[in-house]
Structure formats: structure tokens, C-alpha cells
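In case you want the letters, here they are:
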Amino acid sequence: MWKKKKSQPVHETEYMGEDLIKLVDMVKVYDTGTIKVLGLHRVNLTIKRGEFVAIMGQSGSGKSTLMNVLGCLDRPTMGHYYLDGIDTANLEPDELSTVRNRKIGFVFQSFNLISRTSALKNVELPMTYAHVNQKAREQRAKELLERVGLGTRYEHMPNELSGGQRQRVAIARALANQPPLILADEPTGNLDTASSVEIMELFSQLHKEGATVVVVTHEEDIAAFTERIIRFRDGKLVSDTKNKPQIQTEEEAVTMQKEGSHAD
Amino acid sequence: MLIENMSMAFHAIRANKMRSFLTMLGIIIGIGAVIAIAAVGDSMRNLFTDAFKDVGLNRAAVMVSWEVDDFRMSDQFTRAEMDRIKDIFSDRIEYIDSNASNKVEAVNGRRKVSYQFQGVDYNYTDVQPLDIVYGRFLNESDVKGAANHVVLEDKGAIKLFGTADSVGRTFRMTLNKITQEYKVVGVYHKDMSPMVAMMLGNGQSQSGFIPDTVLTRSNDTFQAVNLYSRNGTNMRQLTVDLKQYVAKLKGRPESEIMAMSAVDQMGTMDAQLGTMSAAVGGIAAISLLVGGIGIMNIMMVSVTERTREIGIRKALGARTKDIMIQFLTESALMSACGGIIGVILGISLVKIGGTLLKMTVVVNPAVIVLAVGFSALVGIFFGLYPASKAANADPIEALRFE
Ligand SMILES: Nc1ncnc2c1ncn2[C@@H]1O[C@H](COP(=O)(O)OP(=O)(O)OP(=O)(O)O)[C@@H](O)[C@H]1O
Ligand SMILES: [Mg+2]
């Protein structure tokens, strides 16, 4: 019901093709005034609906640059980026806002919750900008917080939560408008191993339920949770391999989760 | 969304209570001053209007100026001259008298009461209606026949006779060095605000009316002619014409004749009030300007401090308009709060002042609404630049902000 309340031009066409993300000869150049820095060079990449992908590479290899473009926070300098059938190259800033609001759920390394604002209000925020009414918003935010295991912490402020809990609030927030794409830039970068495993478990679960998840990470352990690993070097895509997810049995998942909650 | 914005703005203001309060100070002082001036102005105007209603708005007077160096006997008016003026200007003058009044002691047995008697013509009540509660007002034969009849105010009658209904009662007093008996033919009642009574300055003695033919002798001369115009007369023109006529009559230049009307004087007082209001209003305007700049400054600080928050909101789908409205709501609310505190401050000051001066204070509700509304507008105006700075921030830059 919070999907497509008003028919805005950006999602007038219902695209249900297999490719959720399609990058064609995408180039991103940073113009710093004096010199031009090449962020990404001719990237061609397709991610299908329901995939669970890790983006890896050394520092400065262009992972965040890619995430910014994929997240419609930035536009490619050259080439095309189709998200859910929409060519984002020609969108105005406000149209990009609407695309982000409906199509993308962000999870950041530094959580990026709004301070002095309760977990519940944080989760409600994307729905507020989608003009979902107060009652529906609150109900869904509660469901989502319950789902990420924070059913008793609706009214907690971000600074009253642990890092792992904050990241779970952020994930609940990312799911608020049921976006087709979840983008996470080093979501476990600020977490200990136990919390990291918990968060990755949550992503695995979302993936199993059909979500498309793209995670940027430095760590092979984290990448191991995914089904496809794409590596970058100096702004270029250098490898794209299938991966067999590390955790497969329910039992293992449960033990991992228990360890996680001890360390919390 | 509006409620959402209001509560966000409210939280933001409360999060920095001291800072918000200091920011509001300029607005508080500005609005407080505006409210106080408006209330003082309104109260003064009410007071003047009351006072002039007592005196009569269509009243005028003409005389040879007090400031002439060579005062002559002929500068005084004779009764004949007064009658001539009334004849000549009969289309515009309804009533004329010498404005004579005399303070005398009325004696009834052992009771002695000081009275200020005003000498009037029989048609006085046509121009200054009186609330006659007992008996009647002086009539034509009282005046023409110079009868020793008087009309008393009820409270004076009580003092002299122990009852307000004293029609037909008599007392003795000394007028023009002759002690005679006088008869009460009527009693009137008058409501007067204490402030007006104080201004008119006859708090001590009682008042009453007596035929001017009794109060003055037929060969007396008078310093001024007191008159009431007919309804719809152009008072300014009448005073000009009177001045011209009297100048010719007395053989003096027009510059040595004084002709004034109540409307003129009220206009002068209004103008003085206006000047005062304008001066203090100017100070209030500067205060509001400074207050507005203060709000702009603090909003700039707030926008910078919350750059990251702005980035997060944009990433989650906030459009330019959403961020704009969020910050404008905040600055408008802050300014309006200042306005409300200012209104309370202004009213309290005026009420305290009014109590000390024993003056009734009028606070116009429209002024309050206007003041709060205007302060919100100040907030919106000075919030525009910071809000647009926030609204147009680049989400990536904003998210990267430490
Ligand atoms: N705003 C910018 N202006 C100029 N150059 C930039 C900007 N953002 C990134 N770059 C450059 O683009 C390149 C890719 O940076 P990016 O942030 O994408 O790397 P990354 O892979 O995310 O690194 P890390 O693992 O350290 O986060 C780097 O050389 C960086 O210096
Ligand atoms: Mg990065």
C-alpha cells in the first residue's frame, strides 16, 4: 500500500525485466578543478533480481563511487545506468530523490541514523517522504523493527543502542518502502565479528526472501556470505565470480546468531 | 507531513534551549516593544476620545491671544458682540456662551458645599446632552428672566441635601457679592472615568448649571467666546472664518487672534502620539531586523551542524522542497515563539504600567495576532537563505561531512 501511491513519471512504466541493474560503458570522472580523477572506467555490469552480490577491491578502487552511482546519489559522467528499467542519466535531483525513496534501501558503514530521533521515527522516515499516512507508517516500522530483533526498542535513541543494533535499525529503515534493491557500503566496517555475522545473516535471509542485495566489503569472510563476488582495481572491473555461500544449514545459522547475541 | 515538520522543528528548538532563547531575544524585544507601544497608543487615544467626548467634539473657542503685549479693554467680548457672532455664523453655530464659571459655596442650613457653577444658555443640552434624572434643565424663561434656578449633579445634590431628588429645594450662595436664595429645578447624572475627571481637574468641587444671565451681569465682558458648531460643519474652515471676523472686530492682525477647535487639538495630540509611535516603532523594526539576522545566523549554524542529517534525509528520498520546508518551519516556529513571548512581555509591561498609573489598558487582539504572524514571517524570510542552502546540498558531499 505504500508502494506507488502517486504515479510519478519515474515509475510510470512498470519494468519487470530480469535485470534490476544494468551498467553500460559507465564512466565516472571526478572534476576537482585542477585535475580530473578517474573514479570508474567503462564498467559494464548486470545484476539480476534476487542476486546477492559482493563488491570488493582495494581502497581507492572505486567501490564507493560505484555504490553512489548505483544508489542514484550520483550520476555517471558517461555511459548509462538503468535501474529497474529507468535510465538515471537524465533525471533531475528531485527525481533521483524519488527513485532513491522507492527503489533503494541504503545501509551505510557508519549507520547514519538521525540522532536524537527514536528508532521508530528513523524507520518511518522513508515512508514519511513517500507520504504514507502516520498510522500505516508506524505499524510497518514496528513490524520491521520486530523483524530485525528490536521489537522492544522502538523508542530508543540511536546513542542508546549498540553498533550492531544501530545497523539493524538501519536495515529496517532500508526495507521501509519495500525497495527492489538493498545497497550496503561496508555495513560491517564498524562492527565486531559477532555483530558482523548477525548483520550478514540478516542480509542472507532477506536475499532468501527474494531481495536483491549488493554489499561492498574489504573482508573475504563477509564476501563469503554472498553468491557472486565482483572485484575492482583502479576503477576497473577485474573479476566477476560465482560463490557458494558459506553458511548453508539452519543449525549453523542459529549457533552463529547465539554467539552474536552473547557478544552484544 | 505538516505535523511531522512541526514536531521536528519543535524538537530541534528544544534540543538547544539556551541557544534558541538567545536567538529569539531580538524578536522578543522587538515584538514586546510593538505590543507595548500599540497598547499605550490605543489607551491614550481612548483616553483623549473620552475626554473630548466630555468636552464636545464640535466645540470651538475664539479670543485675542494671551501673548499680545498691549492688552486692551476692547479685546474682551461684550454680550452684544457674542450675539452678533452667533447671528453672522448662525448657519454654522448652534450654541454660544461666554464659558463663564464660578466657584461658590452653597449653604443649606449647616451643610456647606463648594460648587463650580457653569453659566449656560437654555439650549445648552442641545449641544451637550445631559442625563436629567429629576426635574428639568434650565428653560428659556429661566435664562431670559435671570431666574435664580440651578441644575445640580446628583452626587452634589446628595452632599447638599442628603438626597439626590432635591427638585424644589433651596439653598443660599453669594454671587457677584450678593447673597441670595437659589432653587433646584433639576438633577442630572454623569458618568465620568476617573482618569478624565483627573484630567479635567474638578475633582474637589461639585458641579452644576446656572443661567449665564445670573452668573454674569449684563455689562460684563468676557475673554473668550465658547461655541458649539452645527453637525457637519467644517471646523477648520469655521475657525479660519471666526479668526478673520474677530480680527476685524477687534482691529488686530489675524496672527493675534486665537481660534481653536477640539478636533484640531485632538488631531494635534494624535499627531504627537503618531510621532511617538513611529519613533518607538522604528526602534522595534530595527530590533526585529537584528532578531531576524540572529535567526538567520543560527539557522546557518544549524544547517552546517546538521549537514550529515541533511545528507541522510536526501539519501532516503527527501526532495529539495521537503528539506526547505523542514528548515523554514524551524525558523518560523522559533521566530513565532519569540513573538509569543514578546507579546506576553509587552502586555505584562503595559499592565504593570497601567496598574501603577491607575489607567485602563486596552490591548487590541488584532495587534497580537498580527505581531505573532509578523514574527513568523520574519522567521520565514530570514530562514529562506539557510533553508535553501540546506535543501540544495549535494547528498554525497553532505553524507561525507564530518
Ligand atoms: N568526491 C571526490 N572527488 C575527487 N575524487 C574522488 C571523490 N570521491 C572519490 N574520489 C576518487 O575516486 C577514486 C575511487 O574512490 P572510492 O571512494 O570509490 O574508493 P573505494 O573503493 O570506496 O575506497 P575505500 O575502500 O577506501 O572506501 C579514488 O581515487 C578517490 O580518490
Ligand atoms: Mg569506500
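Predicted model, so just to flag it, every value in this text is computed and none were measured.

K.L.:
What am I meant to see in the overall build of chain A here?
P.N.:
The secondary structure content of chain A amounts to eight helices and ten strands. Residue burial in chain A is summarised as follows: out of 264 residues, 53% are buried. Within chain A, counting contacts between residues at least 6 apart in sequence, those at least 24 apart form 70% of the total. Entry remark: accessible area of chain A is about 12200 Å², with carbon and sulfur atoms responsible for 48%.

K.L.:
It is not clear to me how the interface of chain B and chain A should be interpreted in this structure. Could you clarify?
P.N.:
How big an interface is tends to be expressed through the accessible area that disappears when the partners come together. On the chain A side, the residues contacting the 20 residues of chain B number 25 residues. Here chain B is connected to chain A by two salt bridges. Residue Glu4 of chain B is joined to Lys121 of chain A by a salt bridge in which the shortest nitrogen-to-oxygen separation is 3.6 Å. Summed over the shared surface of chain B and chain A, the result is nine residue pairs in polar contact (both at pLDDT 80 or more). Elements with a minimum of two residues in the side of chain B that touches chain A: helix 1 (2-15), helix 11 (307-315), helix 12 (320-356) and helix 14 (395-400) of chain B.

K.L.:
Looking at this structure, how should I read the domain arrangement of chain B?
P.N.:
Considered domain by domain, chain B is made up of domain 1 (2-51 + 267-400) and domain 2 (59-261). Computed from C-alpha atoms alone, the centre-to-centre distance between domain 1 of chain B and domain 2 of chain B is 54 Å.

K.L.:
Explain the site of ligand 1 here, please?
P.N.:
Taken together, 15 residues surround ligand 1, and among them Ser59, Gly60, Lys63, Ser64 and Thr65 of chain A come closest. Among the chains of the assembly, those with residues near ligand 1 are chains A and B. Within the backbone of Gly62 of chain A, an N or O atom sits 3.0 Å from an oxygen atom of ligand 1. In this structure, an oxygen atom belonging to ligand 1 sits 2.7 Å away from a side-chain N or O atom of Lys63 of chain A. Of all the secondary structure elements, the ones that give two or more residues to the shell around ligand 1 are strand 2 (36-48) and helix 1 (63-70) of chain A. Top contributing element to the shell around ligand 1 by residue count: helix 1 of chain A, with three residues. Split by residue class, the shell around ligand 1 holds two nonpolar, ten polar and three charged.

K.L.:
Would you explain the UniProt feature "domain: ABC3 transporter permease C-terminal" (unreviewed entry) in chain B in this entry?
P.N.:
According to UniProt, the "domain: ABC3 transporter permease C-terminal" (unreviewed entry) feature falls on residues 283-395 of chain B. For residues 283-395 of chain B, the end-to-end C-alpha separation is 42 Å, with 86% helix and 0% strand making up the annotated structure.

K.L.:
How do you make sense of the sheet that holds strand 3 (residues 52-57) of chain A when you look at a structure like this?
P.N.:
Strand pairing in a sheet takes place through backbone hydrogen bonds and is either antiparallel or parallel in direction. Residue and element names in this part refer to chain A. If you walk across this open sheet you meet the six strands as 6-7-8-3-9-10, and the pairing is mixed. One side of each edge strand has no neighbouring strand; the edge strands of this open sheet are strand 6 (104-107) and strand 10 (236-242). Averaged over all pairs of adjacent strands, the angle between their axes in this sheet comes to 20 degrees, without regard to strand direction. Here strand 6 runs beside strand 7 (residues 181-185); their pairing, made up of four bridges, is parallel. From the neighbouring strand, Ile104 faces strand 7, where its bridge partner is Leu181.

K.L.:
What is the right way to read the pattern of salt bridges from this model?
P.N.:
One side chain can pair with another of opposite charge once the charged atoms of both are near each other. Residues and elements named next belong to chain B. Applying the stated criterion across every chain, the model contains 32 salt bridges over all chains. With a shortest N-O distance of 2.8 Å, Lys144 and Glu140 are connected by a salt bridge. Here Lys144 and its partner Glu140 are both found in helix 5 (residues 140-144), four residues apart, which amounts to about one turn of the helix. Judged by its relative accessible area of 38%, Glu140 is partly exposed. One salt-bridge network, in which partners are shared between bridges, spans Asp70, Arg72, Asp75, Arg252 and Glu256.

K.L.:
I'm lost on the side chain of Thr65 of chain A in this one. Help?
P.N.:
Residues and elements named next belong to chain A. Summarising the element assignment, Thr65 is placed in helix 1. A relative accessible area of 10% means that Thr65 is categorised as buried. At 3.2 Å, the side chain of Thr65 forms a polar contact with the side chain of Tyr30.

K.L.:
Which parts of the structure should I look at to understand the UniProt feature "transmembrane region" (unreviewed entry) in chain B?
P.N.:
Residue and element names in this part refer to chain B. The UniProt record marks residues 21-41, 278-303, 324-350 and 362-385 with the feature "transmembrane region" (unreviewed entry), using the residue numbering of this structure. The span residues 21-41 is 100% helix and 0% strand, and its two end C-alpha atoms sit 29 Å from each other. End C-alpha atoms of residues 278-303 are separated by 36 Å, and the span's content is 100% helix alongside 0% strand.

K.L.:
Would you explain the nonpolar core in this entry?
P.N.:
Soluble globular proteins tend to bury their nonpolar side chains together. Residues and elements named next belong to chain A. Ranked by internal contacts, the top residues of the largest apolar core, which has 67 residues, are Tyr81, Leu83, Leu181 and Val214. The contacts of Tyr81, once residues within four sequence positions are left out, are Ile21, Lys22, Leu23, Val69, Leu70, Cys72, Pro76, Ile86, Asp87, Thr88 and Leu181. Counting 39 residues, the second-largest nonpolar core is a separate cluster that includes Val107, Ala141, Val169 and Val213.

K.L.:
Before we go on, may I ask you to explain the confidence of the model for chain A in this structure?
P.N.:
Caution applies to low-pLDDT regions: their predicted coordinates should not be interpreted in detail. Residues and elements named next belong to chain A. Model confidence for chain A is summarised by a mean pLDDT of 88, while 87% of its residues fall at 70 or above. Per-residue pLDDT stays below 50 along residues 1-12; that stretch engages in 28 contacts with residues further than four places along the chain or on separate chains. Ignoring residues within four places in sequence, the model shows residues 260-264, a span with pLDDT below 50, making ten contacts including any to other chains.

Cut-off values and rules
- Residues numbered from 1 in each chain as written.
- Chains lettered and ligands numbered in written order.
- Predicted model: local features only at pLDDT ≥ 70, side-chain atom pairs only at ≥ 80, totals over all residues.
- Heavy atoms only, no water.
- Helix = DSSP H or I, 4+ residues; strand = E, 2+ residues; numbered from the N terminus.
- Buried < 20%, exposed > 50% of the residue type's maximum accessible area, 1.4 Å probe, protein only.
- Contact = heavy atoms within 4.5 Å.
- Areas by Shrake-Rupley, 256 points an atom, 1.4 Å probe, with all protein chains shown as cover.
- Salt bridge = Lys/Arg side-chain N within 4 Å of Asp/Glu carboxyl O.
- Polar contact = N/O pair within 3.5 Å; in protein donor to acceptor, adjacent residues only side chain to side chain.
- Domains from an automatic or database assignment.
- Near = heavy atom within 4 Å.
- Nonpolar A, V, L, I, M, F, W, Y, C, P; charged D, E, K, R; others polar.
- UniProt positions renumbered as here; feature names shortened; annotations may be inferred.
- Pairing = 2+ DSSP bridges.
- Axes fitted to C-alpha atoms, helices over the stretch in contact; angles between N-to-C directions.
- Core = buried A, V, L, I, M, F, W, Y, C linked by side-chain atoms within 4.5 Å.
- pLDDT = per-residue confidence, 0-100.

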